[in-house]
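Next come the chains, spelled out residue by residue.
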Amino acid sequence: MACCQVRTYGGEPTGRRQPFSIDTIRLLGYRDVRLGRMNLNYGVNEMNCNQTKPSIVLVGARAVGKTTIGRKLAESLGFAFCDTDELIRERAGCAIADLVAEQGWPAFRALEREVLVGCVERESTVVATGGGAVLHLDVWPQIKRRMLVFWLTAPLAVVRARLEADPHSASLRPSLTGEDVVQEYERVLRQREPLYRDVADRIIDCDALDSDRIVSDIMKILVFS
Ligand SMILES: Nc1ncnc2c1ncn2[C@@H]1O[C@H](COP(=O)(O)OP(=O)(O)OP(=O)(O)O)[C@@H](O)[C@H]1O
Ligand SMILES: O=C(O)C1=C[C@@H](O)[C@@H](O)[C@H](O)C1
Ligand SMILES: [Mg+2]
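The model shown is predicted, which means the values in this text are computed figures rather than measured ones. (Residues numbered from 1 in each chain as written. Chains lettered and ligands numbered in written order. Predicted model: local features only at pLDDT ≥ 70, side-chain atom pairs only at ≥ 80, totals over all residues.)

## Comments concerning helix α9 (residues 181–199)
The largest bend in α9 amounts to roughly 40 degrees and is located at Arg192, with the proline Pro194 lying one to four residues further along. Where α9 is concerned, the buried positions are Tyr185, Tyr196 and Val199. Tucked inside the fold, the buried residues of α9 contact β3 (55–59), α6 (140–146), β6 (147–153) and α7 (156–165). (Bend = angle between axes of the 7 residues up to and from the residue. Helix = DSSP H or I, 4+ residues; strand = E, 2+ residues; numbered from the N terminus. Buried ≥ 20, exposed ≤ 12 C-beta atoms within 10 Å, placed from the backbone. Contact = placed C-beta atoms within 7 Å.)

## Here's the deal with the sheet that holds β3
Overall, parallel pairing links the five strands, which are arranged β4-β5-β3-β6-β7 in an open sheet. This sheet does not close on itself; its edge strands, each paired only once, are β4 (80–83) and β7 (202–205). Strand-to-strand twist across the sheet, computed as the mean angle between neighbouring axes with direction ignored, equals 25 degrees. Where β6 lies against β7, four bridges are found, and the strand directions are parallel. Directly across from Phe150, in β7, lies its bridge partner Arg202. Contacting β4 and β5 (125–128), helix α3 (residues 84–92) runs over the sheet at an angle of about 65 degrees to β4. (Pairing = 2+ DSSP bridges. Axes fitted to C-alpha atoms, helices over the stretch in contact; angles between N-to-C directions.)

## Brief notes about the site of ligand 1
Looking at ligand 1, there are 21 residues lining it, with Gly65, Lys66, Thr67, Thr68 and Asp166 nearest. Residue assignment for the shell around ligand 1 shows that the elements contributing at least two residues are α2 (66–77) and α10 (211–221). Among the elements that line the shell around ligand 1, the one with the most residues is α2, at three residues. Here the residues of the shell around ligand 1 sort into seven nonpolar, seven polar and seven charged. (Near = placed C-beta within 6 Å. Nonpolar A, V, L, I, M, F, W, Y, C, P; charged D, E, K, R; others polar.)

## A word on the site of ligand 2
Taken together, the residues surrounding ligand 2 are Arg62, Asp85, Ile96, Gly130, Gly131, Gly132, Leu172, Arg173 and Leu176. Tallied by class, the residues present in the shell around ligand 2 amount to three nonpolar, three polar and three charged.

## A look at unusual backbone geometry
Leave glycine aside and you will find that most residues have negative phi; peptide bonds, for their part, are mostly trans. Not every positive phi belongs to a glycine, and Ala63 is a case in point at roughly 65 degrees. Turning to its location among the elements, Ala63 is positioned in the loop between β3 and α2. Judged by the 25 C-beta atoms lying within 10 Å of it, Ala63 falls in the buried class.

## Some details on the packing of α2 against α10
Where α2 meets α10, the axes come as close as 9 Å, and the angle between the chain directions of the two elements is 55 degrees. With respect to α10, the axis of α2 lies oblique. Between α2 and α10 the crossing geometry is right-handed. In contact with Thr68, Ile69, Lys72, Leu73 and Ser76 of α2, α10 contributes Ser211, Asp212, Ile214, Val215, Ile218 and Met219. Classifying every residue of the contact of α2 with α10 by side-chain character gives six nonpolar, three polar and two charged. (Parallel < 35°, antiparallel > 145°, perpendicular 65-115°, else oblique. Left-handed = near helix turned anticlockwise from the far one by under 90°.)

## Observations regarding the UniProt feature "binding site: ATP" (unreviewed entry) in the protein chain
Feature annotation in UniProt places "binding site: ATP" (unreviewed entry) on Ala63, Val64, Gly65, Lys66, Thr67, Thr68 and Arg173, given in this structure's numbering. Exposure remark for Thr67: the 20 C-beta atoms within 10 Å place this residue in the buried category. Beyond its immediate stretch of four places on either side in the chain, Thr67 contacts Asp83 and Ala128. With respect to the helices and strands, the residue Thr68 is situated in helix α2. For Thr68, a count of 20 C-beta atoms within 10 Å translates into the label buried. (UniProt positions renumbered as here; feature names shortened; annotations may be inferred.)

This is the structure:
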């Protein structure tokens, strides 16, 4: 029986974070929680002992595959799935592009913040976030106390191609700056990369792999007892 969950922080005493190995931690069905060697030195944060299974949050740039991977990962884990953009659409009662056109990005970000805060209490859930969810700096410490955060990355060319090919891009991903969406992509990504890095417990380089392969790679990281 599980008694307590632990969360490890990868990183050096300097504060510079590194991806760490959570392979040795039985995060799911954890009868026996052990810490990787490096983590012993760098701090352990006890998580809520009543929580049954730690939820997983996916962050990353637009069109990197958070929704696609998140849905499949949830299925593989037997977890619930939720998507913050979907919840925002439900609350707004319209497409993201219409919300932004009518009320502007601040209205979208306000709803996004509410939805993110609502996700903090979710158990046994995979949460796919929107590309800008990391902008809500004050919410992430709460999220990180209870959930594992995976940052999905892929080469710029791969993501740009998906962004252009995705028929949902127009309604899901209106321009953030007034520039062409593909043009602004690289600059926005550069600005946000430190934020993704800062919240991430683990970085998943999706490269141009198919989604089943990415899910199976993530499943291998999560060790079952
Ligand atoms: N591994 C993959 N291989 C090929 N196509 C993919 C892969 N992952 C996602 N896609 C495609 O890329 C597009 C964007 O994927 P998805 O909507 O999952 O991205 P996202 O990260 O959730 O984007 P957003 O930040 O806007 O929510 C979709 O058309 C999806 O089918
Ligand atoms: O990168 C962003 O800021 C966004 C990404 C999408 O997932 C949506 O959340 C919305 O279009 C904003
Ligand atoms: Mg998405």
